[in-house]
Amino acid sequence: MPERVFNFSPGPATLPPEVLRQAAKDVVNYHDTGIGLIEMSHRSKEFLAVTEEAERLLRELMDIPDNYKVLFLQGGASTQFAMVPMNFLSPGKTATYLNTGTWAKNAIKEARLFGTVEVPFDSEPTKFDHLPDDLDFSSADRAEYLYFVSNNTIFGTQFKEFPRTKTVKVCDMSSDILSRPVTVADFGLIFAGVQKNMGPAGCTVVIVRDDLLERTPATVPTMFRYKTHADKGSMFNTPPCFAIYVTGLVLKWLKAQGGVEAIAQLNRKKAELVYQAIDSTDFYRGHAQRPYRSQMNITFNLPTPELEAKFVKEALARDLNGLKGHRSVGGIRASIYNAFPLEGVERLVEFMADFARQNG
Ligand SMILES: *Cc1c(COP(=O)(O)O)cnc(C)c1O
């Protein structure tokens, strides 16, 4: 077995090898303290420094304004599907959601437990293969918030520009946070499970504007109130120490790559290579319609499910792992987040051409 293969997994996903090596060392003995990172009190000065550094790097890389809090929470991105409406919606009030994929749909289901939900855009009838063309959502101006998913991990669509509205924008950026520059000040709340593009499983980052912390109804339990965690710097209870620490290492790595602007350029290049390979033959068919294609998750089909299974198997023999599409769509999905190397994309593209020639 080779020490490392190219890992196209959608999440948890590939991490930079230097981050993995550093983490492996620090788990046993953190900075020569004689204590492993995951054995250390979350209130020790060493670990407080870890959290501060992760927050500082995230603020720097995303240019997060001072009137926003950064929270490191547990429960995965899926807990945010409930926490958002719990904090910002209540009976008699309305929120607007764009139904662009499985993760949006799951969030809509949760929001309906708390208030009225309007869904002015829904691409489910065409298997979530597109996004709205008209980004004017002034229809949501009077709603408590407009909720959408920036990158639809399963179907492979991504907003190039974001919907416009006067109300608060809430965005699930789990699968494309830090992959391109965004203006945080345009959003009320951004959240992301870190296991796609910024770390291991176990931590969800929430970036929330200060004034919104006051909106939570008095009936919401302590652990589910954003303010609880904001007031205590994510240390109200034991935070996901290991995941915060590795996220910090990934952020440091990203900064060394030149930051978000530089990685965005590389991401564009990587995605273009795969889309060119899809478009250069009739053998492959992209799932997402062209204008909405994702740079993170590239979804496509082959002429038959049998050929798709053969593709996945032969790819594996070439050390290209994790290309099977999500069980709900089938086909192939190549997830190429920030840490996925250009070399792996080149190897995939080469394999795609060979496979089409031999099986087309
Ligand atoms: C993976 C994913 C989720 C779910 O994340 P969990 O941490 O497993 O709850 C939510 N939204 C998007 C966009 C995702 O890609």
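Small disclaimer: the values here were computed from a predicted structure and weren't measured.

What counts and how
- Residues numbered from 1 in each chain as written.
- Predicted model: local features only at pLDDT ≥ 70, side-chain atom pairs only at ≥ 80, totals over all residues.
- Heavy atoms only, no water.
- Near = heavy atom within 4 Å.
- Polar contact = N/O pair within 3.5 Å; in protein donor to acceptor, adjacent residues only side chain to side chain.
- Areas by Shrake-Rupley, 256 points an atom, 1.4 Å probe, with all protein chains shown as cover.
- Helix = DSSP H or I, 4+ residues; strand = E, 2+ residues; numbered from the N terminus.
- Nonpolar A, V, L, I, M, F, W, Y, C, P; charged D, E, K, R; others polar.
- Buried < 20%, exposed > 50% of the residue type's maximum accessible area, 1.4 Å probe, protein only.
- Contact = heavy atoms within 4.5 Å.
- Domains from an automatic or database assignment.
- Buried area = accessible area lost by both parts, 1.4 Å probe.
- Salt bridge = Lys/Arg side-chain N within 4 Å of Asp/Glu carboxyl O.
- Core = buried A, V, L, I, M, F, W, Y, C linked by side-chain atoms within 4.5 Å.
- Phe/Tyr/Trp six-rings, centres within 6.5 Å; stacked < 30°, edge-to-face > 60°.
- Pairing = 2+ DSSP bridges.
- Patch = residues over 30% accessible without salt bridge, like charges linked within 9 Å, V, L, I, M, F, W, Y side chains within 5 Å.
- Expected span 1.5 Å × (residues − 1).

**Remarks on the site of the ligand**
- Of all residues adjacent to the ligand, which total 13 residues, the nearest are Ser78, Thr153, Asp172, Gln195 and Lys196.
- Between lysine 196 and the ligand, the recorded distance is 2.7 Å, taken from a side-chain N or O atom to an oxygen atom.
- Protein contacts shield 86% of the accessible area of the ligand, which totals 390 Å² for the unbound molecule.
- The biggest single contributor to the shell around the ligand is helix α3 (residues 76-88), with four residues.
- Residues belonging to the shell around the ligand are distributed by class as follows: four nonpolar, seven polar and two charged.

**A look at the environment of phenylalanine 6**
- Positionally, phenylalanine 6 belongs in strand β1 (residues 6-7).
- By relative accessible area, phenylalanine 6 is classed as buried at 13%.
- For the pair phenylalanine 6 and histidine 31, spaced 25 residues apart in sequence, the C-alpha to C-alpha distance is 30 Å.
- Phenylalanine 6 has contacts with Asp319, Leu320, Asn321, Phe340, Pro341, Glu343, Gly344 and Arg347, leaving out every residue within four places of it along the chain.

**Overview of the domain arrangement of the protein**
- As assigned here, the protein comprises domain 1 (18-256) and domain 2 (259-359).
- One C-alpha centre belongs to domain 1, the other to domain 2, and the line joining them spans 27 Å.
- Facing 27 residues of domain 1, the contacting portion of domain 2 comprises 25 residues.
- Roughly 2200 Å² of surface becomes buried between domain 1 and domain 2 when both sides are summed, with 54% attributable to carbon and sulfur atoms.
- On the surface where domain 1 and domain 2 come into contact, there are zero salt bridges.
- Every element with two or more residues in the side of domain 1 that touches domain 2 is listed here: β7 (157-158) and α6 (241-256).
- The greatest single-element share of the side of domain 1 that touches domain 2, amounting to three residues, is contributed by α6.
- Tallied by class, residues from the side of domain 1 that touches domain 2 come to 10 nonpolar, nine polar and eight charged.

**Topic: the nonpolar core**
- Membership of the largest hydrophobic core comes to 56 residues, with the highest contact counts inside it found for Leu58, Met62, Leu178 and Ile207.
- Mapped by element, the contributors of at least two residues to this core are α1 (17-28), α2 (45-62), β2 (68-73), β5 (145-149), β9 (189-193), β10 (204-209), α6 and α7 (259-279).
- Element by element, the count of residues in this core is highest for α6, at 10 residues.
- Taken domain by domain, the makeup of this core includes at least three residues from each of domain 1 (18-256) and domain 2 (259-359).
- The contacts of leucine 178, once residues within four sequence positions are left out, are Leu58, Leu61, Met62, Asn197, Met198, Leu251, Leu254, Val260, Ile263 and Asn338.

**Topic: the packing of aromatic side chains**
- Taken as a whole, this structure holds 24 aromatic pairs when the rule is applied.
- When the centroid spacing of 6.0 Å and the interplanar angle of 90° are considered together, the rings of tyrosine 30 and tyrosine 245 count as edge-to-face. Of this pair, tyrosine 30 sits in the loop between α1 and α2 while tyrosine 245 sits in helix α6, and the two are 215 residues apart along the sequence. Here tyrosine 30 matches tyrosine 245 in class, with each residue buried.
- Between phenylalanine 81 and tryptophan 103 the ring centres are 6.3 Å apart and the planes differ by 45°, which places this aromatic pair in the tilted class. Of the two residues, phenylalanine 81 is situated in helix α3 and tryptophan 103 in helix α4 (residues 102-111); the sequence distance between them amounts to 22 residues.
- A relative accessible area of 3% places phenylalanine 81 in the buried class.
- Through a chain of ring-to-ring contacts, three or more aromatic side chains come together here, namely Phe81, Phe88, Tyr97, Trp103, Tyr145, Tyr147, Phe191 and Tyr226.

**Concerning the sheet that holds strand β12 (residues 297-301)**
- Within the open sheet, the three strands sit side by side as β11-β12-β14. Their pairing is antiparallel. Edge positions in the sheet fall to β11 (285-286) and β14 (332-335), since each of these pairs with one other strand and no more.
- By the bridge criterion, two bridges tie β11 to β12 in an arrangement that is antiparallel. When the sheet's bridge partners are listed, glycine 286 is paired in β12 with phenylalanine 300.

**With respect to a nonpolar patch on the surface**
- Among the surface-exposed residues, Met223, Phe224 and Phe236 lie close enough to one another that they form a single nonpolar patch of about 240 Å² accessible area.
- Looking at the element boundaries, phenylalanine 224 is found in the loop between β10 and α5 (226-231).
- By relative accessible area, which is 33% here, phenylalanine 224 ends up partly exposed.

**Some details on α6**
- Taking 1.5 Å as the rise per residue, α6 with 16 residues should run 22 Å; its terminal C-alpha atoms sit 23 Å apart, in good agreement.
- With 12 of 16 residues buried, α6 is to be regarded as a mostly interior element.
- Residues of α6 that are buried in the fold lie against α1, α2, β2 and α7.
- Positive phi shows up at glycine 258, right after α6, with a value of about 110°.

**Concerning the environment of proline 305**
- Inspection of the secondary structure puts proline 305 in helix α8 (residues 305-317).
- Note on proline 305: relative accessible area 58%, which makes it exposed.
- Spatially, the C-alpha atom of proline 305 lies 31 Å from that of lysine 160, the residues being 145 residues apart in sequence.

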